[in-house]
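# Breakdown of the fold
So the chains spell out like this:
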Amino acid sequence: MTATPPAAGGPIEALRATLYAPVASFRDPLFPGITRILPVPPPSTVRGMLAAATGAPTEPIALGMTAWADGHGIDTETYHPVAADGSNPAVGGRVRAGKGGTTAKDRPFLAGVHLTLWIPAPDATRLARALRRPRHGLRLGRSQDLVHLTGIAQVVLEPTERALVGHALAPPDGHDLPSAHTHRLADTVSTDRLTTTWSDYLWCDEPTTTPAPVRHAYREAPTDPALHEDTQAVWLLAP
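The present account deals with the structure reproduced in this document. (Residues numbered from 1 in each chain as written. Predicted model: local features only at pLDDT ≥ 70, side-chain atom pairs only at ≥ 80, totals over all residues. Heavy atoms only, no water.)

Another point: the overall build of the chain. Within the chain, the secondary structure is distributed over two helices and ten strands. When the helices and strands of the chain are placed in sequence order, the string is β-β-α-β-β-α-β-β-β-β-β-β. Taking as baseline every contact in the chain between residues at least 6 positions apart, the subset at least 24 positions apart corresponds to 78%. Of the roughly 12,400 Å² that the chain leaves accessible, carbon and sulfur atoms contribute 54%. (Helix = DSSP H or I, 4+ residues; strand = E, 2+ residues; numbered from the N terminus. Contact = heavy atoms within 4.5 Å. Areas by Shrake-Rupley, 256 points an atom, 1.4 Å probe, with all protein chains shown as cover.)

Applying the stated criterion to the full structure yields seven salt bridges. Notably, a salt bridge pairs Glu-220 with Arg-16, separated by 2.6 Å at the nearest N-O pair. Linking Glu-220 in strand S8 (residues 212-220) with Arg-16 in strand S2 (residues 12-24), this pair joins segments that are 204 residues apart in sequence. With a relative accessible area of 25%, Arg-16 lands in the partly exposed category. When the shortest N-O distance is used, the salt bridge between Arg-126 and Asp-123 registers 2.9 Å. (Salt bridge = Lys/Arg side-chain N within 4 Å of Asp/Glu carboxyl O. Buried < 20%, exposed > 50% of the residue type's maximum accessible area, 1.4 Å probe, protein only.)

Our focus in this paragraph is the side chain of Thr-66. Summarising the element assignment, Thr-66 is placed in strand S3 (residues 64-79). Those residues within four positions of Thr-66 in sequence are excluded, and the remaining contacts are His-114, Leu-115, Thr-116, Trp-118, His-167, Ala-168 and Gln-232.

In this section: the pairing of strand S6 (residues 180-189). On a regular strand, one side chain projects to one face of the sheet and the next to the other, so that they alternate. Bridge count between S6 and strand S7 (residues 196-204): nine bridges; the pairing is antiparallel. Bridging across to S7, Val-189 finds its partner in Thr-196. In sequence, S6 turns back onto S7 through a hairpin of six residues, with Arg-193 there showing a positive phi of about 65°. (Pairing = 2+ DSSP bridges.)

We now examine the pairing of strand S5 (residues 148-163). Pairing of S2 with S5, which is carried by nine bridges, proceeds in the antiparallel orientation. Among the inter-strand pairings, Ile-12 is bridged to a residue of S5, identified as Leu-157. The pairing of S5 with S8 spans six bridges and is antiparallel. Across the sheet, residue Thr-160 finds its bridge partner in S8, namely Ala-217.

With that settled, consider the packing of helix H1 (residues 43-54) against helix H2 (residues 123-132). At a minimum axis separation of 8 Å, H1 and H2 run at an interaxial angle of 75°. Considering their axes alone, H1 and H2 lie roughly perpendicular with respect to each other. Contact residues: Leu-50, Ala-53 and Thr-54 in H1; Arg-126, Leu-127, Ala-130 and Leu-131 in H2. Its residues assigned to classes, the contact of H1 with H2 shows five nonpolar, one polar and one charged. (Axes fitted to C-alpha atoms, helices over the stretch in contact; angles between N-to-C directions. Parallel < 35°, antiparallel > 145°, perpendicular 65-115°, else oblique. Nonpolar A, V, L, I, M, F, W, Y, C, P; charged D, E, K, R; others polar.)

Now for the side chain of Arg-47. Along the chain, the position of Arg-47 falls in helix H1. This buried residue, Arg-47, is left without a salt bridge; Asp-187 holds the nearest opposite charge, at 4.5 Å. Among all residues touching Arg-47, those that are not within four sequence positions of it are Glu-59, Pro-60, Ile-61, Leu-63, Asp-187, Thr-188, Leu-237, Ala-238 and Pro-239. (Lys, Arg positive; Asp, Glu negative; His and termini not counted.)

Looking at the secondary structure, you find Gly-10 in the loop between strand S1 (2-3) and S2. Judged by its relative accessible area of 15%, Gly-10 falls in the buried class. C-alpha separation for the pair Gly-10 and Pro-159, spaced 149 residues apart in sequence, amounts to 7.0 Å. Apart from the residues within four sequence positions on either side, Gly-10 is in contact with Leu-157, Pro-159 and Tyr-218.

Before going further, it helps to spend a moment on H1. Look at H1: 17 Å from first C-alpha to last across twelve residues, which is about the 16 Å you get at 1.5 Å a residue. In terms of burial, H1 is a largely internal element, eleven of the twelve residues being buried. Inspection of H1 places Pro-43, Ser-44, Thr-45, Val-46, Arg-47, Met-49, Leu-50, Ala-51, Ala-52, Ala-53 and Thr-54 among the buried residues, and these make up the whole buried set. (Expected span 1.5 Å × (residues − 1).)

Rendered as structure tokens:
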């Protein structure tokens, strides 16, 4: 994964889309057999949601994003694993209880997930149209984790060396905030689900409220340059 380097003195037009999911759960695939979840949706999940909107098999586009949740909890779910050898087939979506059969597991989840995306031109217009009238239902992760489009706008991103980091997903060299955690997240998943590409990202669960030095970043151009607004840092992350 690499951030798209800002062109010298080169603002770019982009789409800003804000979305909201009442409940979502992003399972960490690096911990198989353990119901551990990620605090932020992986870029692959977001690109999959965009593919659902456009109806395309994949959407391997550059995008910037911020994400955070209002809270979290743990639910108990019943699993019905189907035996590979066919010894415990599913009947009506259920398998027999017992070893390797029906079992209950705790499943962590996030509540009130807020997601903001920045998609640069030339994909901005196409994705804006698709998000307004998606080909398939928009979901973040599991099939029941519906996501709602709450706002859409055309903005201008300008290169910057200082901005509010907030809950932005950044490349490992994007900034030096001590409050940031490194997360290894999936960038893309092949259509046959056999190949996954991974990258490390910085993400702050407790964002700072003052501007900080940033590298390879953009920010939204202030609506009134005379006000010297401190706007959100945006890293355009290429798959």
